[in-house]
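# Structural description and commentary
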Amino acid sequence: MVRMSDDAKQAAALRVVMMPRDANVYGTIFGGVILSYIDQAGFIEARKHGLHRWVTVSIEKVDFRAPVFIGDVVSFLTSTESTGTSSVKVRVRVEAERYRSGQTVPVTEARLTMVAIDAAGKPIPFDSPPSVGPKDREQPAS
Ligand SMILES: CC(C)(COP(=O)(O)OP(=O)(O)OC[C@H]1O[C@@H](n2cnc3c(N)ncnc32)[C@H](O)[C@@H]1OP(=O)(O)O)[C@@H](O)C(=O)NCCC(=O)NCCS
């Protein structure tokens, strides 16, 4: 297993404006909405290691430290913590930029394990040649 340096820079994989549809009746954003974006950010980070089908096999405990509000701009900052044969472990840090003040608040942090799989759903080494190609893309209507 290859370990990356602890100070590996985190890049924003995603930045999303929170909308009323993402909120509960109190006006704060559902945790599940943030988890869904964490999952997508994990995929975007994993894809840097190979053009494959990537699935999430594990998300470690996620604690929400501050609420997210409608209008906040939420950033999902990713880095690769370690790599195995078919799997990569991704760290996702979540920050909310407040709509009114512009202040940035740490919201949560997650660690996901993403696994590269073939068309049959079996794990493959992620450093193998790309396993998705033109046939996997949507074809334009003729
Ligand atoms: C991901 C999946 C293909 C792995 O299958 P598997 O039979 O466990 O495969 P393996 O035991 O060979 O493990 C494959 C890799 O995953 C890792 N892994 C498996 N289970 C894990 C877990 N719970 N946590 C962390 N890593 C795990 C293994 O360490 C291995 O890593 P490596 O190749 O880098 O050494 C299978 O579990 C699966 O399809 N899960 C569902 C994924 C999914 O659909 N996610 C979305 C949920 S809606």
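Note that the structure is a prediction, hence the values are computed from the model and not measured. (Residues numbered from 1 in each chain as written. Predicted model: local features only at pLDDT ≥ 70, side-chain atom pairs only at ≥ 80, totals over all residues.)

To continue, consider the overall build of the chain. From N to C terminus, the chain includes 1 helix and 6 strands. Its helices and strands taken in sequence order, the chain reads β-β-α-β-β-β-β from the N to the C terminus. Within the span of the chain, comprising 142 residues, buried residues form 25% of the whole. Contacts spanning at least 24 positions in sequence make up 71% of the contacts within the chain whose residues lie at least 6 apart. (Helix = DSSP H or I, 4+ residues; strand = E, 2+ residues; numbered from the N terminus. Buried ≥ 20, exposed ≤ 12 C-beta atoms within 10 Å, placed from the backbone. Contact = placed C-beta atoms within 7 Å.)

Further remarks concern the environment of Gln10. Summarising the element assignment, Gln10 is placed in the loop between β1 (2–3) and β2 (11–17). Each C-alpha atom of the pair Gln10 and Thr80 lies 8.5 Å from the other, and the pair is 70 residues apart in sequence. Ignoring any residue separated from it by four or fewer positions in sequence, one finds Gln10 in contact with Leu77, Thr78, Ser79 and Arg93.

The environment of the ligand is made up of 13 residues, and the closest members are Ser58, Gly84, Thr85, Ser86 and Ser87. For the shell around the ligand, the elements supplying multiple residues, two or more each, are β3 (53–59) and β6 (104–117). Looking at the shell around the ligand, its residues break down into 5 nonpolar, 8 polar and no charged. (Near = placed C-beta within 6 Å. Nonpolar A, V, L, I, M, F, W, Y, C, P; charged D, E, K, R; others polar.)

Here we take up the nonpolar core. One finds Ile38, Val68, Phe76, Val92, Val94 and Met114 to be the most contacted residues of the largest nonpolar core, which totals 24 residues. Residue assignment for this core shows that the elements contributing at least two residues are α1 (31–47), β4 (73–83), β5 (87–97) and β6. In terms of residue count, the dominant contributor to this core is β6 (6 residues). Ignoring anything within four residues of it in the chain, the contact list for Val68 reads Met18, Thr28, Ile29, Ile34, Val74, Ala96 and Val107. (Core = buried A, V, L, I, M, F, W, Y, C linked by C-beta atoms within 7 Å.)

Another aspect to go through is the environment of Gly31. Take Gly31: it is sitting in helix α1. What makes Gly31 partly exposed here is the crowd of 15 C-beta atoms within 10 Å. Taking the C-alpha atoms as reference points, Gly31 and Val62, 31 residues apart in sequence, are found 9.7 Å from one another.

What follows is about α1. Helix length check: α1 (17 residues) gives 25 Å between terminal C-alpha atoms against 24 Å at 1.5 Å per residue, within 8%. For α1, the set of buried residues is Ile34, Tyr37, Ile38, Ala41, Gly42, Glu45 and Ala46. (Expected span 1.5 Å × (residues − 1).)

On to the pairing of β5, then. Burial within β5 is extensive, with 9 of its 11 residues counted as buried. Between β4 and β5, which pair antiparallel one after the other, the connecting turn spans 3 residues. As judged from the 11 bridges shared by β5 and β6, these two strands associate in the antiparallel manner. For Val90, the partnering residue across the bridge sits in β6 and is Leu112. (Pairing = 2+ DSSP bridges.)

Turning to the confidence of the model for the chain, a few remarks are in order. Model confidence for the chain is summarised by a mean pLDDT of 92, while 89% of its residues fall at 70 or above. Taken together, the stretch residues 4–8 has pLDDT below 50 and engages in 4 contacts with residues farther than four places along the chain or on a different chain. (pLDDT = per-residue confidence, 0-100.)

Note that Val74 resides in strand β4. When the 23 C-beta atoms within 10 Å are taken as the criterion, Val74 is described as buried.

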